[in-house]
Amino acid sequence: MLRFFISILLVIFFISNSYPQSDLKTGNVIFIHPDGTGLADWNALRIIKVGPDGEINWDKLSGIGLYQGHIRDRVTSSSNAGATIHAYGVKADLDDFGLIDDVVPVSRSGKRLSIMQEAKQNGIYTGIINSGSIEEPGTAVFVASNLKRANYNEI
């Protein structure tokens, strides 16, 4: 875990010192993806730690985007369907991995790009730090789409 946090700090240091200040756009986003965690988890943690009217650190963030993680035809999801919802902002099916009906979905912005791909297209520097393998849907779907989650080499 210590190596993971050191890696994050090194990436942040590298990015912040790699570009002249005049070239940087203002504002930033740190995307934290707690895989498998939903609104019920946040509420349960709040009740356990500080009571139903208290605030946990997540509540104190200046901006947070929570979404309903159910998929098009059921109230539960899969990692890859949830990641597709997260990356594109639209409901997916159980086996979707950055594709819906075998095509890249139209995101909430009207483009066929994930939120991370849109950021890159707009000149915002991005990076992914993943504690698992690169094809783990929670992060991979932001930069890759495929017909099957098992197509590790293509992803």
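Description of the structure in this document. No experiment lies behind these values; they were computed from the predicted model shown. (Residues numbered from 1 in each chain as written. Predicted model: local features only at pLDDT ≥ 70, side-chain atom pairs only at ≥ 80, totals over all residues. Heavy atoms only, no water.)

As a further point, take the overall build of the protein. When you go through the protein residue by residue, the secondary structure sums to five helices and zero strands. Along the chain direction, N to C, the helices and strands of the protein fall in the order α-α-α-α-α. Burial statistics for the protein: of 155 residues in total, 24% are counted as buried. Sequence-distant contacts, at least 24 apart, represent 41% of the contacts inside the protein between residues at least 6 apart. Entry remark: accessible area of the protein is about 10800 Å², with carbon and sulfur atoms responsible for 56%. (Helix = DSSP H or I, 4+ residues; strand = E, 2+ residues; numbered from the N terminus. Buried < 20%, exposed > 50% of the residue type's maximum accessible area, 1.4 Å probe, protein only. Contact = heavy atoms within 4.5 Å. Areas by Shrake-Rupley, 256 points an atom, 1.4 Å probe, with all protein chains shown as cover.)

This paragraph deals with unusual backbone geometry. Its identity is not glycine, yet Asp-101 carries a phi of approximately 55°, on the positive side. Overall, Asp-101 belongs to the exposed group, its relative accessible area being 56%. If you check the backbone angles, Asp-102 has positive phi at about 65° while not being a glycine. Along the chain, Asp-102 falls in the loop between helix H3 (79–88) and helix H4 (115–121). Classification of Asp-102 as exposed rests on a relative accessible area of 59%.

Quick look at the pattern of salt bridges now. Within the structure shown, the criterion is met by five salt bridges. The closest approach of N and O atoms between Arg-72 and Asp-93, which form a salt bridge, is 2.7 Å. With Arg-72 in the loop between helix H2 (39–50) and H3 and Asp-93 in the loop between H3 and H4, this residue pair connects regions lying 21 residues apart in the sequence. Judged by relative accessible area, which is 21%, Asp-93 ranks as partly exposed. One salt bridge in this structure joins Arg-72 and Asp-101, with 3.2 Å as the shortest N-O distance. Here the residue Arg-72 occupies a position in the loop between H2 and H3, and Asp-101 occupies one in the loop between H3 and H4, the gap between them amounting to 29 residues. (Salt bridge = Lys/Arg side-chain N within 4 Å of Asp/Glu carboxyl O.)

Take it as geometry only, folks, not as evidence of what the structure does.
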